[in-house]
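Chain residues, written in single-letter form:
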Number of protein chains: 2
Amino acid sequence: MAGYREATPDQAQYLDELVEAGLLIPSGVPGVYGRGTTFEDIRTRFDDHVSRAAAFEGAESLRFPPVLPRRQLEASGYLKSFPHLTGVVYAFEGSEIQAQEQARLACDHEDWSEHQHMSDLVLMPAVCYPVYPAIARRGPLPAGGVIIDPGASYAFRREPSGDPARLQMFHMRELVRIAEPDTVQAWRDGWRDRALELLRGLGLDARFDVASDPFFGRSGRMMAASQREQELKFEILAPIAGPEPTAIASFNYHQEHFGALHGITTATGETAHTACLGFGQERIVLALLKTHGLDPAGWPAEVRDALWRA
Amino acid sequence: MAGYREATPDQAQYLDELVEAGLLIPSGVPGVYGRGTTFEDIRTRFDDHVSRAAAFEGAESLRFPPVLPRRQLEASGYLKSFPHLTGVVYAFEGSEIQAQEQARLACDHEDWSEHQHMSDLVLMPAVCYPVYPAIARRGPLPAGGVIIDPGASYAFRREPSGDPARLQMFHMRELVRIAEPDTVQAWRDGWRDRALELLRGLGLDARFDVASDPFFGRSGRMMAASQREQELKFEILAPIAGPEPTAIASFNYHQEHFGALHGITTATGETAHTACLGFGQERIVLALLKTHGLDPAGWPAEVRDALWRA
Ligand SMILES: Nc1ncnc2c1ncn2[C@@H]1O[C@H](COP(=O)(O)O)[C@@H](O)[C@H]1O
Ligand SMILES: Nc1ncnc2c1ncn2[C@@H]1O[C@H](COP(=O)(O)O)[C@@H](O)[C@H]1O
Ligand SMILES: [Zn+2]
Ligand SMILES: [Zn+2]
């Protein structure tokens, strides 16, 4: 498998424990798991916890399915930065004879790719992508811009791994700010601090740091260095399994990238700036289970109260 | 676009009204829409309504991401029946030079398919597919079998259309019964009646009928006739838009297909039979909006109470 990353021994052991406890269900493909009742209960309670913390802002809720028009991805530059993470939807367009041939090959687990063609859809690279064209359709922003809550939706990343915290399809709980540059930056920094407090309030040993995206290849290293130098990305990290703490939330300032791409203008006619934050929900559940134990009944009262009593 | 179906005039008009009201947000690809706050509120309230109706059964909740191992699809026979509906995940496996070439082609909206390879994942064909291997892993069923609630998850169907009720990615709320043949059939018939009552209780002009799946091609016509003759599939239909009522829920008896495929055995060592039901959630929301009006504030009190007061 292209780019498969081995688990470290303690990542492999944690995955075994999670499966043994019925928290995760292996599918046979690394990074693709079913979730048991308890895992999902924690994830949705955490989602509600974030919604309560965000309620004061009065964000507008929009929801999008986990596929994106291919044209939008092509125009976005994502394939330049993250070709290795992209998932593309292919489909069959042939005759009945070809369908039979394809089925015969597939049934024998042979190569049936000659019968598949690239469709007009790709898998969702990040939950905020469909938000920008949706807002652009409305015309110029109202004064002060907008805050959009695209909820906890699936994103796809082609990074197969034995680490239970590195999934190919996972829930990102995002919030998106679209406005003037100052407004957007202040919002991003405010949420970085608020999110750190929220995650520490759940007993996680969380800290934040300047970060960069996993840009592809050697040219990607320069993009990462530039992103880091401009402090365009912060992450909150917490221990899950493995030698390093894992990113459980990200805070991104896109400057005018998406505003210019989709022609979003402020009330005064300038190109809008955007920022987003994303909580990695499965990672946060894994960090909570690792920190407090695999049975939430035994978690500290403050954590239980925060998630289940509210 | 392969197999694009035009909307009828009233389907096109209903879509325009839904977009105008902010209930649906066009993506540029037919059958792929964002959902506004009100649409999503109705959908999740309906989901809770189903959960309350199902509570007496004590189903076990499991959740799965909307991708399935390709090997499972290949073994299932899905490609023989529904090659035209299948979505396959492709990914990049090349060098930095190839990535640059791919990005350049994509940026110009040219053909970059030579750089993509079939991965080990496909899009979820129906929400119950991952349930069977998950239960098979546990060994023989307990006496009386199991009832699994995979929740309202996304399924993908490659059927681009101008009809707002025909989506490429949509939420199916499923329930799955795995047990002895008699148990499974009685469960399926019980839910058909319960679901009809539930949907009529929301003011929908719903009726049920024997149905068949949209099998591909001429050979598919025989499969459909046989399925219909054996009454393996029932549907509940309700008016949305267009000349015919639309299927808003399905009730499927798979006989031993999935039990045999995944080696699921009953407590007494027989091959388990399975049945599932699926509520098409977006279609149900569209039927409610069409029946009662685009603003739920004006819906009949009984319907509002059933969904929002419970
Ligand atoms: N492969 C992955 N598996 C699980 N969670 C992830 C993965 N990639 C990113 N995340 C989470 O999603 C958040 C937002 O992702 P990003 O857009 O990469 O910053 C990150 O902070 C992680 O918590
Ligand atoms: N293309 C589609 N768009 C929206 N809903 C669908 C679509 N196909 C099926 N459904 C819904 O999902 C339910 C289960 O699908 P099926 O497995 O085809 O019986 C159907 O009864 C429909 O309500
Ligand atoms: Zn984002
Ligand atoms: Zn099913």
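Residues numbered from 1 in each chain as written. Chains lettered and ligands numbered in written order. Predicted model: local features only at pLDDT ≥ 70, side-chain atom pairs only at ≥ 80, totals over all residues. Heavy atoms only, no water.

### Here's the deal with the packing of helix α2 (residues 37–54) of chain B against helix α7 (residues 181–200) of chain B
If you want to describe how two helices pack, look at the angle between their axes and the distance between the axes. Residues and elements named next belong to chain B. As a reminder, the rule being used: To get an axis, fit a line to the C-alpha atoms, keeping to the stretch in contact for a helix; angles then go from 0 to 180 degrees between the N-to-C directions. Helical segments are the DSSP runs of H or I of at least four residues, strand segments are the runs of E of at least two, and each set is numbered from the N terminus. Reported orientations rely on four angle classes, namely roughly parallel under 35 degrees, roughly antiparallel over 145, roughly perpendicular from 65 to 115, and oblique for the rest. Should the near helix be turned anticlockwise from the far one by less than a right angle, the crossing is termed left-handed; should it be turned clockwise, right-handed. Residue contacts are defined here by distance: any two heavy atoms, one from each residue, within 4.5 Å place the two residues in contact. Polar here means any residue other than Ala, Val, Leu, Ile, Met, Phe, Trp, Tyr, Cys and Pro, which are nonpolar, and Asp, Glu, Lys and Arg, which are charged; Gly is therefore polar.
Packing of α2 against α7 brings their axes to within 11 Å, and their N-to-C directions diverge by 135 degrees. By the angle class used here, α2 and α7 are oblique. Crossing geometry of α2 relative to α7 is assigned as right-handed. Two secondary-structure elements touch here, α2 through F46, H49, V50, A53 and A54 and α7 through W191, R194, L198 and L199. Grouping the constituent residues of the contact of α2 with α7 by class yields seven nonpolar, one polar and one charged.

### Details of the site of ligand 1
All names here are of chain A. Note the cut-off: In this text, near means that some heavy atom of the residue lies within 4 Å of the molecule or strand in question. Pairs of N or O atoms are called polar contacts if they sit within 3.5 Å, as long as, within protein, a hydrogen donor faces a hydrogen acceptor (for residues adjacent in sequence, only side-chain-to-side-chain pairs). Accessibility throughout is a Shrake-Rupley quantity obtained with a 1.4 Å probe, and a residue counts as covered only by protein chains that appear here.
Around ligand 1, 15 residues are found, and the nearest of them are R157, E159, L167, K233 and S250. The separation between an oxygen atom of ligand 1 and a polar side-chain atom of K233 is 2.7 Å. A249 is positioned such that a nitrogen or oxygen atom in its backbone is 3.4 Å from an oxygen atom of ligand 1. Taking 480 Å² as the accessible area of ligand 1 by itself, protein coverage stands at 92%.

### Re the domain arrangement of chain A
Residues and elements named next belong to chain A. Selection criterion: Segmentation of the chain into domains, including their bounds, is taken from an automatic or database domain assignment. Joining two parts hides part of their accessible area as seen by a 1.4 Å probe, and the buried area is that hidden amount summed over both. Here a salt bridge means any side-chain nitrogen of Lys or Arg lying within 4 Å of a carboxyl oxygen belonging to Asp or Glu.
Assigned domains of chain A: these are domain 1 (9–87 + 125–307) and domain 2 (88–122). Computed over C-alpha atoms only, the centres of domain 1 and domain 2 are separated by 33 Å. Each side of the interface is counted separately: domain 1 has eight residues, and domain 2 has seven residues. Each partner contributes to the roughly 650 Å² buried at the junction of domain 1 and domain 2, and carbon and sulfur atoms together form 64% of this total. Interface area lost by domain 1 to domain 2 is led by V67, R70 and G87, which between them contribute 69%. Across the contact surface, domain 1 and domain 2 share zero salt bridges. Contributions of two or more residues to the side of domain 1 that touches domain 2 are made by β4 (67–69) and α3 (70–76).

### As for the interface of chain B and chain A
The following threshold applies: The criterion for strand pairing is that DSSP finds at least two bridges linking the strands in question.
Across the boundary between the two partners, chain B contributes 69 residues, which contact 69 residues of chain A. For the pairing of chain B and chain A, the buried interface totals around 5700 Å² over both sides, and the portion due to carbon and sulfur atoms is 66%. Here chain B is connected to chain A by two salt bridges. Two residues, A:R158 and B:D120, come together in a salt bridge whose shortest N-O distance is 3.0 Å. The tally of links between chain B and chain A comes to 20 residue pairs in polar contact (both at pLDDT 80 or more). For the side of chain B that touches chain A, the element with the most residues is helix α5 (residues 96–107) of chain B, which contributes seven residues. Its residues placed into classes, the side of chain B that touches chain A shows 35 nonpolar, 19 polar and 15 charged. The sheet contact formed by strand β5 (residues 88–92) of chain A and strand β5 (residues 88–92) of chain B spans three bridges and is antiparallel.

### Quick notes on the environment of A:Q168
To keep it simple, the criterion reads: Partly exposed residues are those whose accessible area sits between 20% and 50% of the maximum for their type, while under 20% is buried and over 50% is exposed, using a 1.4 Å probe and protein chains only.
Looking at the secondary structure, you find A:Q168 in the loop between β7 (146–156) and β8 (169–179). For A:Q168, a relative accessible area of 0% gives the class buried. The residues contacting A:Q168, other than those within four sequence positions of it, are A:V29, A:P30, A:G31, A:V32, A:A155, A:F156, A:R157, A:R158, A:E159, A:P160 and B:L121. In terms of polar contacts, A:Q168 uses its side chain to reach the backbone carbonyl oxygen of A:P30, at 2.8 Å.

### A closer look at the nonpolar core
The cut-off we apply is this: Buried Ala, Val, Leu, Ile, Met, Phe, Trp, Tyr and Cys residues that are joined via side-chain atoms within 4.5 Å together make up what is termed a nonpolar core.
Formed by 181 residues in total, the largest nonpolar core has its most connected members in A:I178, A:L199, B:I178 and B:L199. B:L199 has contacts with B:F46, B:L204, B:A206, B:I236, B:I248, B:A249, B:F279 and B:I284, leaving out every residue within four places of it along the chain. One finds A:V67, A:L121, A:M169 and B:V29 within the second-largest nonpolar core, a separate group that totals 18 residues.

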